[in-house]
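Next come the chains, spelled out residue by residue.
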Amino acid sequence: MWALFLGQRRMLTMQTSTYQLPQFAFRTPPELGLKPSQQKRYPVVVVGGGLGGLTMACDLAHRGVEVLLIDEDDTVGVRGASSRGICYAQKSLEIFQRLGTYSRIARKGIEWSIGKTLAGNEIVYSFDLAAQSSHNVSEQPPFINLQQFYIEWFLVDRLAQLPAADVRWKTQVTRVTQNADRVLLDLECPDGAYQIEASWLVDASGIRSPIREGFGLQTNPATGEDRWCISDVRFKHKPPIERWTWVEAPFNENRAVWQHLMADDVWRLDYQMAPDSDPEYVSRTDVVSDRLRRQFGADIEFELVWVGPYSYRSHVIETMRLSRVFFLGDSAHVMSPFGARGGNSAIQDADNLGWKLAMVLKNTAPESLLDSYHAERHFAAQQNVSITNGTMRFLTPQTAMQRVFRDATIALAKRFEFAQKLVNTGRLSSPTEYPASPLHCGVGAGLNIANCALTVAGQKTNLVDQVARCGNKLVVLCLLPADQASVLAQLISHTDSVECHLLSATDWYDPQGYLAERFGISAGLIGLLRPDLHSAGTIATADLSQVLTRFSLKKDR
Amino acid sequence: MLTTPNIQQPDVFYQALIQAHQGLSPSESEAFNARLILLLANQVGDSNVLLSCVAAAKP
């Protein structure tokens, strides 16, 4: 059997591991000693303590929403060591800045921005993300590589500091039901079975989510024929700290290879295998070692940290919201790992849902705001699957003609710069933009807004921190005091769900002028900035009242 | 997408195209055509025009 890459709870082989993972304490849940009538209803329960679930819980707790996270295990990663996501994109890093884990990630992880694609011994494409304007506005780097379990570990530590969050380890969800006003969960833990109630449930329980299956939701799954073998290796040899991808590697029978550094001096080497190869054979220590020697030389000294064969799978759930239940991360969507879109999109799912749930739970926004979660993140999932499928077609041509065009592309890329753009060894995760969102209010709606530098009250700060200080609010950005006065007048009849800031030295000073330019704000125009740092559009100042009903409830008179 | 004549010397181009294929095996010709399509596509550039050409070339 070839293990599936993402969300796999137990990988097939785990030959060696040099990681020490934390073990979290199980505590007897208070509900076990209480009658159902004495129990409280949790505003939000999150099931699954992986990347998506932990980000979700942390996000909600930061927003002042009481949240209970349930996980069947008592550690991070996939039982023991794991080899899952390694690349965290700028948008994710900005989210972790807001959640308070970014500085640990930056200290532990490997920052990189240069990527090279090789065919044979020739570089056919290279890029430096740090030199691209789309990446150099943010306070965060384009990418940091770090083993996924560290990201999860830092989030668990952060949750322990947040009074609104509670984590229950070693707890299984055995049944979920819902009615018009609540969700009921049957749970099983080492001390027995119990029930809890929640107003909202977020299912982040992974690729084989029993909650999704229990509700009978379809995912339209597809499995790839492509076979790969990960070898995480520590060695004395120091390749450049760059992302290298071979579309045709001479040392791997002209199949693809990935080479990328993670924390702890561990390199992720991922080899494309022949379609008919035997997973037991390709992951045998001697076979893995021979492959490494073919790549790095006969005298290379190395230590195998983790080896795992896998194949690809994709699915997208039919709906990411079923009344009071939201589906997030692998439970909702799975794609092949090209471009690091799986983990990063789970983090963005959480970022998308957190502020919406918080506003609805705090009664400042209408419940219809929650509909946009499916609209925006389902679109993102489909886009990510389509993009990763494109990479898969390039790396594993399915027909003779696909092979002809790939060969032509590689041949031309060696001679002409234009063809390098057609070489596709993965399109790196970038923030999804939502041009067709139901929250579309005006020009540029859905655009991602980078974490630019700001100066506020003479202090250097950044957009992420300032928006976080606003709480769960839509931020209106304007350039002129006259526009601000008009905005404030229009807000009087609404709940406390919108905050207005002036892009000037007296309020939010934006030294690069990035925000005004990105939104296209000028006299008489205002930019609507969502708490997840996406634009809701740039509109005429006088039109604010018309669009406010999507984000704000009218005050009772 | 242009459908009115735009090739300056149609016969010269056509002859060069045919000649380039002389002596090539079917698979070499196929590879040649693929490279040529990609080179020409880069001259066009415009996404809408390219997609219209792909659609118009369908049998």
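Residue indices follow the written sequence of each chain, beginning from 1 at its first position. As they are written, the chains are lettered A onward and the ligands numbered 1 onward, keeping that order. The predicted nature of this model means local features are confined to residues of pLDDT at least 70 and side-chain atom pairs, given and counted, to a pLDDT of 80 or more, with totals for whole chains, interfaces and linings taken over all residues. Here the side-chain values reflect all heavy atoms present in the structure, with hydrogen atoms and water set aside.

## Considerations on the overall build of chain B
Part 1 of the argument: The numbering of helices and of strands both runs from the N terminus, where a helix is a DSSP run of H or I of at least 4 residues and a strand a run of E of at least 2. Helix and strand counts for chain B come out as three helices and zero strands.
Part 2 of the argument: Reading chain B from its N terminus to its C terminus gives the helix and strand order α-α-α.
Part 3 of the argument: Here the C-alpha atoms of chain B give a radius of gyration of 13 Å, more than 25% beyond the 10 Å that 2.2 N^0.38 yields for 59 residues.
Part 4 of the argument: Projected onto its principal axes, the C-alpha coordinates of chain B cover approximately 35 × 25 × 25 Å.
Part 5 of the argument: Residue burial is assigned from relative accessible area. The probe radius is 1.4 Å, only protein chains are included, and a residue is buried under 20% of its type maximum, exposed over 50%, and partly exposed in between. The buried share of chain B, taken over its 59 residues, is 7%.
Part 6 of the argument: Carbon and sulfur atoms make up 59% of the accessible area of chain B, which totals about 4800 Å². What the globule rule says is 2.2 Å times the number of residues to the power 0.38, and the radius of gyration is computed from C-alpha atoms. Calculation of accessible area relied on Shrake-Rupley with a 1.4 Å probe; when residues are assessed, cover is drawn exclusively from the protein chains displayed.

## Some remarks on the sheet that holds strand β25 (residues 508–509) of chain A
Part 1 of the argument: Strand pairing is assigned whenever DSSP identifies at least 2 bridges connecting the two strands. Taking strand neighbours across the sheet as the criterion, the three strands line up as β22-β21-β25 (chain A) in an open arrangement whose pairing is antiparallel. Edge strands, defined here as strands with exactly one partner in the open sheet, are β22 (459–462) and β25 of chain A.

## Concerning the sheet that holds strand β5 (residues 110–112) of chain A
Residues and elements named next belong to chain A.
Part 1 of the argument: Spatial strand order, β4-β8-β5: three strands in an open sheet with antiparallel pairing. Only two strands of the sheet have a single neighbouring strand rather than two, namely β4 (87–89) and β5. Direction aside, the axes of adjacent strands within the sheet are offset by 30 degrees on average.
Part 2 of the argument: Taken together, the three bridges between β5 and strand β8 (residues 143–145) define a ladder with antiparallel strand orientation. Along β8, the bridge assignment pairs Trp112 with Phe143. A fitted line through C-alpha atoms serves as each axis, taken over the contacting stretch for helices, and the angle formed by two N-to-C directions is quoted from 0 to 180°.

## Brief notes about the interface of chain B and chain A
Part 1 of the argument: Residues are treated as being in contact if the distance between any of their heavy atoms lies within 4.5 Å. Facing eight residues of chain B, the contacting portion of chain A comprises 10 residues.
Part 2 of the argument: Note on terms: buried area is the combined drop in 1.4 Å-probe accessible area of two parts once they are placed together, counting the loss on both. Summed over both partners, the interface of chain B with chain A comes to about 800 Å²; 87% of that surface belongs to carbon and sulfur atoms.
Part 3 of the argument: Definition of a polar contact: a pair of N or O atoms within 3.5 Å, with one able to donate and the other able to accept a hydrogen when the atoms are protein atoms, and with sequence-neighbouring residues admitted only if both atoms are side-chain atoms. Counting every contact that joins chain B to chain A gives zero residue pairs in polar contact (both at pLDDT 80 or more).

## Comments concerning the environment of A:Ser504
Part 1 of the argument: Within the element layout of this structure, A:Ser504 appears in the loop between β24 (498–502) and β25.
Part 2 of the argument: Through-space distance from the C-alpha of A:Ser504 to that of A:Asn448 is 22 Å; in sequence the pair is 56 residues apart.

## Looking at a nonpolar patch on the surface
Residue and element names in this part refer to chain B.
Part 1 of the argument: Every patch collects residues that have over 30% relative accessible area and no salt bridge, joining them within 9 Å if they carry like charges and within 5 Å if they are nonpolar side chains (Val, Leu, Ile, Met, Phe, Trp, Tyr). Between Lys or Arg on one side and Asp or Glu on the other, a salt bridge is scored when a side-chain nitrogen of the former is within 4 Å of a carboxyl oxygen of the latter. Residues Ile7, Phe13, Tyr14 and Ile18 make up a contiguous nonpolar surface patch of roughly 410 Å² in combined accessible area.
Part 2 of the argument: Topologically, Ile18 is positioned in helix α1 (residues 10–21).
Part 3 of the argument: Residue class for Ile18 comes out partly exposed when judged on its relative accessible area of 42%.

## Concerning the nonpolar core
The nonpolar side chains of a soluble globular protein tend to be buried with one another.
All names here are of chain A.
Part 1 of the argument: Core analysis: the biggest nonpolar cluster contains 131 residues, and Val45, Leu185, Leu528 and Leu544 have the highest contact counts within it.
Part 2 of the argument: Residues in contact with Val45, not counting those within four places in the same chain, are Leu68, Ile70, Leu185, Ile196, Ala198, Trp200, Leu201 and Val202.
Part 3 of the argument: Listed in part, the 22 residues of the second largest apolar core include Cys229, Leu261, Val288 and Phe296. Residues belong to one nonpolar core when they are buried, are Ala, Val, Leu, Ile, Met, Phe, Trp, Tyr or Cys, and are joined through side-chain atoms within 4.5 Å.

## Let's talk about the packing of helix α8 (residues 341–361) of chain A against helix α9 (residues 371–395) of chain A
Residue and element names in this part refer to chain A.
Part 1 of the argument: Interaxial distance between α8 and α9 falls to 10 Å at its minimum, and their mutual angle equals 170 degrees. In terms of orientation, α8 lies roughly antiparallel with respect to α9. Contact with α8, carried on its side by Arg341, Ser345, Gln348, Asp349, Asn352, Leu353 and Lys356, involves Ser372, Tyr373, Glu376, Arg377, Asn384, Ile387 and Thr388 of α9 and no other residues of that element.
Part 2 of the argument: Put simply, Ala, Val, Leu, Ile, Met, Phe, Trp, Tyr, Cys and Pro go in the nonpolar bin, Asp, Glu, Lys and Arg in the charged bin, and everything else, Gly too, in the polar bin. A breakdown of the residues in the contact of α8 with α9 according to their chemical character gives three nonpolar, six polar and five charged. We call two directions roughly parallel when the angle between them is under 35 degrees, roughly antiparallel when it is over 145, roughly perpendicular when it lies between 65 and 115, and oblique otherwise.

## Quick notes on the packing of α1(B) against helix α2 (residues 26–44) of chain B
All names here are of chain B.
Part 1 of the argument: For the pair α1 and α2, the least separation of the axes is 10 Å and the interaxial angle reads 140 degrees. Comparing the axis directions of α1 and α2 gives the class oblique. On α2, the residues touching Leu17, Ala20 and His21 of α1 are Ser29, Phe32, Asn33 and Leu36.
Part 2 of the argument: Tallied by class, residues from the contact of α1 with α2 come to four nonpolar, three polar and no charged.

## A word on the pairing of β24(A)
Residue and element names in this part refer to chain A.
Part 1 of the argument: Burial within β24 is extensive, with four of its five residues counted as buried.
Part 2 of the argument: Direction of pairing for strand β23 (residues 474–478) relative to β24: parallel, over a ladder of five bridges. Along β24, the bridge assignment pairs Leu477 with His501.
Part 3 of the argument: Handedness of a crossover: with both strands directed away from the viewer, a clockwise path from the first strand across the helix to the second marks it as right-handed. For the handedness criterion, the β-α-β arrangement of β23, helix α13 (residues 481–491) and β24 is classed as right-handed.

## Topic: the confidence of the model for chain A
Part 1 of the argument: Confidence in the prediction of chain A, expressed as mean pLDDT, is 92, and 95% of residues score 70 or more.
Part 2 of the argument: Within the model, pLDDT remains below 50 along residues 1–16 of chain A, and this stretch shows 66 contacts once partners closer than five positions in the same chain are excluded. Per-residue confidence from the predictor is reported as pLDDT, a score between 0 and 100.

## Focus on the pairing of strand β10 (residues 172–178) of chain A
Residues and elements named next belong to chain A.
Part 1 of the argument: Strand direction decides the pairing type here: β10 and strand β11 (residues 183–189), joined by six bridges, are antiparallel. By the bridge assignment, Thr177 is partnered in β11 with Leu184.
Part 2 of the argument: Between the end of β10 and the start of β11, which pair antiparallel, lie four residues.

## Let's talk about α8(A)
Part 1 of the argument: Any helix carries an expected span of 1.5 Å times its number of residues minus one. Spanning 21 residues, α8(A) covers 30 Å between terminal C-alpha atoms, matching the ideal 30 Å at 1.5 Å per step.
Part 2 of the argument: Most of α8(A) is tucked away, with 19 of its 21 residues classed as buried.

## Digging into the packing of aromatic side chains
Residue and element names in this part refer to chain A.
Part 1 of the argument: Working definition: a ring pair exists when centres of Phe, Tyr or Trp rings (six-membered ring for Trp) sit within 6.5 Å. Plane angles under 30 degrees give stacked, over 60 give edge-to-face, the rest tilted. All chains considered together, the criterion is met by 19 aromatic pairs over all chains.
Part 2 of the argument: Consider the rings of Phe24 and Trp169, whose centres lie 4.6 Å apart with planes at 15 degrees: the pair is stacked. You can see Phe24 sitting in the loop between β1 (3–4) and β2 (41–47) and its partner Trp169 sitting in the loop between β9 (165–168) and β10, a full 145 residues away along the chain. Each member of the pair, Phe24 as well as Trp169, is classed as buried.
Part 3 of the argument: On the numbers, 5.7 Å between centres and 40 degrees between planes, the contact of Trp200 with Phe326 is tilted. Of the two residues, Trp200 is situated in strand β12 (residues 192–203) and Phe326 in strand β19 (residues 325–327); the sequence distance between them amounts to 126 residues. In this pair, the class of Trp200 matches that of Phe326, namely buried.
Part 4 of the argument: Ring pairs connect the aromatic residues Trp228, Trp258, Tyr310, Tyr312 and Phe338, which therefore count as one cluster.
Part 5 of the argument: Taking the ring centre of Trp200 as reference, the NZ or CZ of Arg324 above it sits at 4.4 Å.
Part 6 of the argument: For Arg406, the ring lying beneath its charged end belongs to Phe394, and the centroid distance is 5.9 Å. The rule is short: NZ of Lys or CZ of Arg within 6 Å of the ring centre and within 35 degrees of the ring normal puts a charge over the ring.

## A closer look at the environment of A:Leu422
Residues and elements named next belong to chain A.
Part 1 of the argument: If you trace the backbone, Leu422 turns up in the loop between α11 (417–420) and β21 (453–456).
Part 2 of the argument: Overall, Leu422 belongs to the partly exposed group, its relative accessible area being 38%.
Part 3 of the argument: A sequence separation of 178 residues divides Leu422 from Trp244, and the C-alpha atoms of the two residues are 17 Å apart.

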